[in-house]
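Here are the chains, one letter per residue:
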Amino acid sequence: MEFLSFLLRRVGWSLLVLVGLSMVIFFIARIVPGDPARMALGPTATAEQVEALNDKLGLNKPITVQYAYFVGGLAQGDLGRSLLTERAVNDDIRDTFPATFELVFATIFMAFVFGVPMGVVAANWKDRWPDTAVRLFAIFAAVTPSFFLAILLQVLAGYVLGVLPTTGRLSPDVVYTAGPTGLLIFDSIAQGRWDVLGDAVRHLILPATALAAATTGQIARITRASMIDTSRQDYIEAARAFGVPGWLRLFKYNLRPSFVPPLTILGLEFASLIGGAFVVELVFAWPGMAAYGIRTILQKDLNAVMGVVMVSGVFFVTVNLVIDILVGIVDPRVRIRGKRT
Amino acid sequence: MIIRPSRLFASCAVAALFACAGAASAETVVTMNTVQIFGTIDPAKISDYTDYMAAVNLYDGLLTVDSSGNLVPELAESWAVSDDAREATFTLRADAHFADGSPVEASDVVYTFERLFRINQGPANLFAGVLSAGSVEAVDARTVKFTLEKPFAPFLATIPAVFILNEDAVTANEGGDDGQTWLATNTAGAGAYTLKSWERGARMVIVRDPNYYKGFGDGPIDEVRWIVTNDEATVKSLAASGELTMTSQYQSPDTYKALEDMGRFNIAKEATATAFYLKLNTKVAPTDDVHVRRAIALATDYDTIREVILPGGELTTPLPKAFADFHNDDIPQVAYDLEAAKAELAQSKYAGQEIPIVLGYVAGTKFEEEISLLMQSNLEQIGFKVTQQPDPWNRITEIAGKVETTPAVNQVFFGPTYPSPDSMFYTQYHSNAAGTWASMEWVQDPEVDAMIDKARVTGDPAGQAAIYKELQAKLVDIQPDVFLLTQTVQHAMDKCLTGFKAVPMQSFDYDFTRYSWTCK
């Protein structure tokens, strides 16, 4: 019951955050320079045409009225039309979100698969060469901007070696209509399209690696630090005294409680990369929502900007909520503390 | 070494994730990168260069334009203009048909224009005050008549901007928005290519319609793939992997060089009708004084700009020489001469004092920054105090809307949107077109307006040419711009691909029926 009450409170706060976000972004988007109608219609459009489009978009109305229209549309799940693509923003986001989600999911998967073991190795061999190697990697990965790594990988794998595709989600030769989720890997497995699966994975490798490097380094460092802290606990010493095997001590008694900080970081990275993957998406011509968001900002496509920000916001808030629940599952102490509060 | 089929299969199975997918290929595929996304393919909404690049392949108009700027027949086999220039009648080709096989009829043309007027976007602005609902009528199945509300000499030149829709296909998918939602992702045209796939923001693929009514020449391009990227490393890696056939025209010199060094590419260069100006705001200090404007023109190092900073051709008047019949060849190139600039400045009302001046340019554009610094260096030698004002493009479109926010000096490219000098003069210099980034001079001169208006109602080409030559002399005299250069467009193209010719209208240069693959 306390947990349910905790959840309801969190959901309530999350909704408040989203309302605040919508107001801030709505007003910021409108004070950014540029006339959206003029930019959409081009320099040869007549003043009457620009005025007509401003009327149609409601941009001539007071800003509070415009916000009320926006909230009204949002309540009905309608984000309006994009000036950039001339389509419903809902459709644009439905088409682009899965690409970004798949890329970010692959990124987080890679960061988890490589980062956690690296952290475990570094902690287990603290101050010896594996630890030094992991720490060096983590520092380099953290200080290397993802766009630089993206270009480096593209030149190396695409230009010099020519072993991996450098643009898009699928080769143009692959004839495939996306399935219901829009996630190529999931849909192709569900449909038994192994050719599509192989092609999609090949296209994912470079952009996901470019995005994953920094997170991998971060996860490795945090896992290492957390495990070193845990290894100093009395119960670990007790387990050693009782002759519990080293691998059991490492993975069951040390890694599991040490897992909360990296899990939190992974969740936050997952959410923030949804909006922050744009540079890598632009470099690899990845048809994702992050790149779409940047283009709409440059074009001052107000409805689309609001749509992208709101979807990113909802995703961020939801992921945070899920992390709280997962952390409670991984670490029972959190649940107990939650009940006490 | 002979590889047994079973072993090959096994190898593919093992390496399926890395090599064997996507091996199939169309007969002749051209892959080109483009730096902007395709916004729309709806003919009633297309407005920019990239939109037209797709549309010119997916749709046909009544007329099209060749590389010399001449109007050439497309869906219309002939046309006639009445003596009073108030009526234009087009006769459609008997064999013209849409991609679905249905014939192109006069009613389709009427529907296309009526829909354009209803939506009032894209090329609709070309017909403002000239055509409106009811102006276009079907005389019979193959004859369509346009009745102009007033004489408008460039009317025929604007016709290629409108692509004809299949009325039946659109009305069947009309929805509640005149088919706008449907035409955002589908085509209903008579073009040589049909849309195969479109990943917005990433890629568009079109395929050749083998039943195209005009047919194809030797070595037709079967499939065109546009990849949206402005990243130089991506372009190089696409070229190195053999995927890229043709670059955009906006690559860096390093990329052109790298591709040329690969041995597979030629660098195709063409002069264009796009001009690059320093637009001088004639309504704010100090460029409200004609002597100041002339001094700036004299203090411009044209050779360094055209040969070192941004290679391009000579521009002596507001009109590029691509409009040969209308160009005033008697006007000489202004020579870079700082002493003459000082003498000119001495005649201005700002003489004898340090003259503050703002130089605006597009932030993050390296060559514009270099030009602005070069101008600063020269102008400060003759008595100006320069403030650099780099602004993002969004901001420039906004500050161009008011006289007082438009900087004194602005670097702007402008090219014709239809193959007529009117496209260059009206949009940049007519008072009715003031307040956009294309008209940052704020000329607003009744004499200039009168000349532009007069040319618009003069049907006789020789008469038009005389007016436009006089207009160029007038504009050079009042010096609302420094005429920097005409843009040279260049592409790295696979040596097997031919056919690129610059066309003085939007991106009609990328009509791929004009290209051919010469290698067997």
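What counts, and at which threshold
Residues numbered from 1 in each chain as written. Chains lettered and ligands numbered in written order. Predicted model: local features only at pLDDT ≥ 70, side-chain atom pairs only at ≥ 80, totals over all residues. Helix = DSSP H or I, 4+ residues; strand = E, 2+ residues; numbered from the N terminus. Rg over C-alpha atoms; globule rule 2.2 N^0.38 Å. Buried ≥ 20, exposed ≤ 12 C-beta atoms within 10 Å, placed from the backbone. Contact = placed C-beta atoms within 7 Å. Axes fitted to C-alpha atoms, helices over the stretch in contact; angles between N-to-C directions. Left-handed = near helix turned anticlockwise from the far one by under 90°. pLDDT = per-residue confidence, 0-100. Nonpolar A, V, L, I, M, F, W, Y, C, P; charged D, E, K, R; others polar. Pairing = 2+ DSSP bridges. Arc of directions from axis to C-beta. Right-handed = clockwise from strand over helix to strand, strands pointing away. Parallel < 35°, antiparallel > 145°, perpendicular 65-115°, else oblique. Core = buried A, V, L, I, M, F, W, Y, C linked by C-beta atoms within 7 Å.

**Here's the deal with the overall build of chain B**
Point 1. For chain B, the helix and strand inventory stands at 17 helices and 18 strands.
Point 2. For chain B, the C-alpha radius of gyration of 25 Å lies close to 24 Å, the compact-globule estimate for 520 residues.
Point 3. With the C-alpha coordinates of chain B rotated into their principal frame, the extents come out at 90 × 65 × 40 Å.
Point 4. Within the span of chain B, comprising 520 residues, buried residues form 50% of the whole.
Point 5. Taking contacts inside chain B between residues at least 6 apart in sequence as the whole, the part at least 24 apart equals 69%.

**Topic: the overall build of chain A**
Point 1. The helix and strand inventory of chain A stands at 16 helices and zero strands.
Point 2. Taken along the three principal axes of its C-alpha coordinates, chain A extends 85 × 55 × 40 Å.
Point 3. Sorting the 341 residues of chain A into buried and exposed places 43% on the buried side.
Point 4. A sequence separation of at least 24 residues applies to 72% of the contacts in chain A between residues at least 6 apart.

**Some remarks on the packing of helix H15 (residues 421-429) of chain B against helix H16 (residues 446-456) of chain B**
Geometry of a packed helix pair, given as the angle between the helix axes and the separation of the axes.
Residue and element names in this part refer to chain B.
Point 1. It is at 10 Å that the axes of H15 and H16 come closest, and there the two elements cross at 145°. As H15 packs across H16, the resulting crossing turns out to be left-handed. Only Val448, Ile452, Ala455 and Arg456 of H16 make contact with H15, whose side of the interface consists of Asp422, Phe425, Tyr426 and Tyr429.

**Points about the confidence of the model for chain A**
Point 1. Per-residue pLDDT for chain A has a mean of 84; in total, 94% of the residues score no lower than 70.
Point 2. Between the elements of chain A, mean pLDDT differs from a low of 55, seen in helix H16 (residues 332-340) of chain A, to a high of 92, seen in helix H5 (residues 89-124) of chain A.

**Focus: the interface of chain B and chain A**
Point 1. Contacts between the two partners involve 48 residues from chain B and, on the opposite side, 49 residues from chain A.
Point 2. Listing elements by their share of the side of chain B that touches chain A, those giving two or more residues are helix H2 (16-20), strand S9 (203-208), strand S10 (223-228), helix H8 (232-240) and helix H14 (393-399) of chain B.
Point 3. Here the side of chain B that touches chain A gets six residues from one element, more than from any other, and that element is H8 of chain B.
Point 4. Along the lines of polarity and charge, the residues of the side of chain B that touches chain A split into 18 nonpolar, 19 polar and eleven charged.

**A look at the sheet that holds strand S1 (residues 29-34) of chain B**
Residues and elements named next belong to chain B.
Point 1. Across the sheet, which stays open at both edges, the four strands sit in the order S1-S10-S9-S8 with mixed pairing between neighbours. Both outer strands of the open sheet, S1 and strand S8 (193-199), are each paired with one neighbouring strand and no more. This sheet shows a mean twist of 15° between the axes of neighbouring strands, independent of strand direction.
Point 2. In this sheet, S9 lies alongside S8 in antiparallel orientation, the contact comprising six bridges. Bridging from a neighbouring strand, Tyr193 pairs with Arg208 of S9.
Point 3. Relative to the sheet, helix H3 (residues 49-58) contacts S1, S8, S9 and S10, its axis offset from that of S8 by approximately 140°.

**What about H16 of chain B?**
Along an α-helix, residues three or four positions apart point the same way, because every turn accommodates 3.6 residues.
Residues and elements named next belong to chain B.
Point 1. Inspection of H16 places Met451, Ile452, Ala455 and Arg456 among the buried residues, and these make up the whole buried set. Along the axis of H16, the buried positions cluster into a sector of 140°, meaning they face one direction only. Summarising the geometry of H16, the exposed residues directed more than 90 degrees from the buried face are Pro446, Glu447 and Ala450.
Point 2. Each element contacted by the buried residues of H16 is listed here: H15 and helix H17 (461-478).

**Description of the sheet that holds strand S4 (residues 76-81) of chain B**
Within a sheet, each strand pairs with its neighbour through backbone hydrogen bonds, oriented either parallel or antiparallel.
All names here are of chain B.
Point 1. Strand order in the open sheet formed by four strands is S4-S5-S7-S6, with antiparallel pairing between adjacent strands. On the outer flanks of this sheet lie S4 and strand S6 (136-140), each paired with one strand and no other. In this sheet, neighbouring strand axes are inclined to one another by 20° on average, regardless of whether the strands run parallel or antiparallel.
Point 2. Where S4 meets strand S5 (residues 87-92), five bridges bridge the pair, whose relative direction is antiparallel. Note that in S5 the partner of Ala76 across the bridge is Leu92.
Point 3. Its contacts with the sheet place helix H4 (residues 106-119) against S5, S6 and strand S7 (143-147), and it is angled at close to 175° to S6.

**Description of the pairing of strand S13 (residues 355-362) of chain B**
Residue and element names in this part refer to chain B.
Point 1. Counting buried positions over the eight residues of S13 gives six, a clear majority of the element.
Point 2. Judged from the eight bridges that link them, S13 and strand S14 (residues 384-391) form a sheet pairing that is parallel. Along S14, the bridge assignment pairs Pro356 with Lys385.
Point 3. What joins S13 to S14 is helix H13 (residues 366-381), and the crossover it makes is right-handed.
Point 4. Here two bridges tie S13 to strand S15 (residues 409-414), and the two strands are oriented parallel to one another. Across the sheet, Leu359 pairs through a bridge with Val409, a residue of S15.

**Notes on the environment of Tyr67 of chain A**
Point 1. By the element assignment, Tyr67 of chain A lies in helix H4 (residues 63-75).
Point 2. When the C-alpha atoms of Tyr67 of chain A and Phe26 of chain A are compared, they prove to be 7.2 Å apart, with 41 residues separating the residues in sequence.

**What to know about the pairing of S1 of chain B**
Residue and element names in this part refer to chain B.
Point 1. With five of six residues buried, S1 is to be regarded as a mostly interior element.
Point 2. Examined bridge by bridge, S1 and S10 share six bridges and lie parallel to one another. Bridge pairing links Val30 to Val224 in S10.

**Re the packing of helix H11 (residues 302-309) of chain B against H13 of chain B**
All names here are of chain B.
Point 1. Their axes nearest at 11 Å, the elements H11 and H13 cross at an angle of 155°. The angle between H11 and H13 falls in the class roughly antiparallel. The handedness of the crossing between H11 and H13 is right-handed. Residues Thr304, Ile305 and Ile309 of H11 form the contact with H13, whose participating residues are Phe367, Glu370, Ile371 and Leu374.

**Side note on the nonpolar core**
Point 1. One finds Leu103 and Ala150 of chain A together with Ala55 and Ile164 of chain B to be the most contacted residues of the largest nonpolar core, which totals 191 residues.
Point 2. Broken down by element, the residue count for this core peaks at 15 residues, all from helix H9 (residues 194-231) of chain A.
Point 3. Excluding residues within four positions of it along the chain, Ala150 of chain A makes contact with Pro207, Ala210, Val279, Val280, Val283 and Phe284 of chain A.
Point 4. Core analysis: the second largest hydrophobic core is formed by 41 residues, Ala295, Leu345, Ile357 and Ile382 of chain B among them.

**Here we look at the environment of Gln251 of chain B**
Residue and element names in this part refer to chain B.
Point 1. With respect to the helices and strands, Gln251 occurs in the loop between H8 and helix H9 (253-261).
Point 2. Residue class for Gln251 comes out buried when judged on the 21 C-beta atoms lying within 10 Å of it.
Point 3. Between the C-alpha atom of Gln251 and that of Ala128, which follows or precedes it by 123 residues, the distance is 36 Å.
Point 4. Every residue in contact with Gln251, bar those within four places of it in the chain, is listed here: Glu232, Val235 and Tyr256.

**Looking at the environment of Phe113 of chain B**
Residues and elements named next belong to chain B.
Point 1. As for its position among the elements, Phe113 is in helix H4.
Point 2. Of the residues examined, Phe113 has 25 C-beta atoms within 10 Å and is grouped as buried.
Point 3. When the C-alpha atoms of Phe113 and Glu380 are compared, they prove to be 53 Å apart, with 267 residues separating the residues in sequence.
Point 4. Apart from residues no more than four positions distant in its own chain, Phe113 is found in contact with Leu131, Val136 and Val162.

**A few points about unusual backbone geometry**
In most cases, non-glycine residues show a negative phi, while peptide bonds are predominantly trans.
Residue and element names in this part refer to chain B.
Point 1. Following Ala285, the chain continues into Pro286 via a peptide bond in cis, with omega recorded as 0°.
Point 2. For Pro286, the position within the fold is in the loop between strand S11 (265-280) and helix H10 (290-298).
Point 3. Of note, Gln506 is a non-glycine position whose phi angle comes to about 40°, a positive value.
Point 4. Its place among the elements puts Gln506 in the loop between strand S17 (497-498) and strand S18 (516-517).

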